[in-house]
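# Structural description and commentary
Spelled out, the chains give:
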Amino acid sequence: MGIADQFKDKAQELADQAKRKANEGKDTGRERTQGTSERASKTSQQGRDRAQQGRERSQQAMDEAGERFDH
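The following refers to the structure shown. (Residues numbered from 1 in each chain as written. Predicted model: local features only at pLDDT ≥ 70, side-chain atom pairs only at ≥ 80, totals over all residues. Heavy atoms only, no water.)

### Digging into the overall build of the protein
Of the regular secondary structure elements, the protein holds one helix and zero strands. Relative to its 71 residues, the protein shows a buried fraction of 1%. Summed over its atoms, the accessible surface of the protein is roughly 6700 Å², and 50% of this surface lies on carbon and sulfur atoms. (Helix = DSSP H or I, 4+ residues; strand = E, 2+ residues; numbered from the N terminus. Buried < 20%, exposed > 50% of the residue type's maximum accessible area, 1.4 Å probe, protein only. Areas by Shrake-Rupley, 256 points an atom, 1.4 Å probe, with all protein chains shown as cover.)

In structure tokens, the structure reads:
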């Protein structure tokens, strides 16, 4: 095998390695995006739950105040 063949083989090996790493990076990016989306959805749901709890507490406080002043 001549030197030119060795260079070609090494160049091909490096090109294959670069492709694998590029594909790994894409997969990692997708995973991060999915994780971010899931966290955003979860956070949004928590916000809705807290808002509902606040409304319920407010209604309860209004009911209690009404009972106190009715007597």
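Additional details are given in the paragraphs that follow.
### Considerations on the pattern of salt bridges
Under the defined criterion, the tally for this structure stands at one salt bridge. Linking Lys10 and Glu13 is a salt bridge whose minimum nitrogen-to-oxygen distance equals 3.7 Å. Highlighted residues: Lys10 and Glu13, both in helix α1 (residues 3-70), separated by three residues, approximately one helical turn. Residue Glu13 is classed as partly exposed on the basis of its relative accessible area of 46%. (Salt bridge = Lys/Arg side-chain N within 4 Å of Asp/Glu carboxyl O.)

### Examining a negative patch on the surface
On the surface, Asp63, Glu64, Glu67 and Asp70 cluster together to form a negatively charged patch. With respect to the helices and strands, Asp63 occurs in helix α1. (Patch = residues over 30% accessible without salt bridge, like charges linked within 9 Å, V, L, I, M, F, W, Y side chains within 5 Å. Lys, Arg positive; Asp, Glu negative; His and termini not counted. Charge placed at Lys NZ, Arg CZ, Asp CG, Glu CD.)

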